[in-house]
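Here are the chains, one letter per residue:
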Amino acid sequence: MTTQAQQTTSPAAQQQGTHHFVLTLQKPHSAGFVTATFANTITPLPGDTRAHIYEALCKGVAQANPELANANVLFFSLEPNGL
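Cut-offs used in this document
Here the residue numbers are simple positions, counted from 1 along each chain's written sequence. In view of the model being predicted, local features appear only for residues whose pLDDT reaches at least 70, and side-chain atom pairs are presented and counted only at 80 or more, with totals across whole chains, interfaces and linings using the full set of residues. The side-chain numbers reported here are obtained from all heavy atoms of the structure, hydrogens and water having been left aside. Working definition: helices are DSSP H or I runs of at least four residues, strands are E runs of at least two. Numbering for both runs from the N terminus. Exposure categories follow from relative accessible area, calculated using a 1.4 Å probe and restricted to protein chains: below 20% of the type maximum is buried, above 50% is exposed, and the middle band is partly exposed.

1. Some thoughts on unusual backbone geometry
The phi angle at serine 30 is positive, at roughly 50°, despite the residue not being glycine. Structurally, the position occupied by serine 30 is in the loop between β1 (19-29) and β2 (32-42). On the basis of relative accessibility, which here comes to 75%, the residue serine 30 falls in the exposed class. With a phi close to 65°, asparagine 70 is a non-glycine residue in the positive phi region. Following the sequence through the fold, asparagine 70 ends up in the loop between α1 (50-64) and β3 (72-80).

Dropping the structure here:
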């Protein structure tokens, strides 16, 4: 059986627009914990998923803040930045 692929441009394949994220991390440190919350906007590339953005944000935070490498995620939110 032969099938033909039809090329279409779905809304998901187009630019997704700006999203707002909040990421809170916590890691044991000395006699307590280091806890930090990061919030900003990000524009996903076509085809990016929530998982891609989550991984990129965790990696970026760890690179900029080595003390938070392998920290526990207490909160993560990623939503379109429209009202």
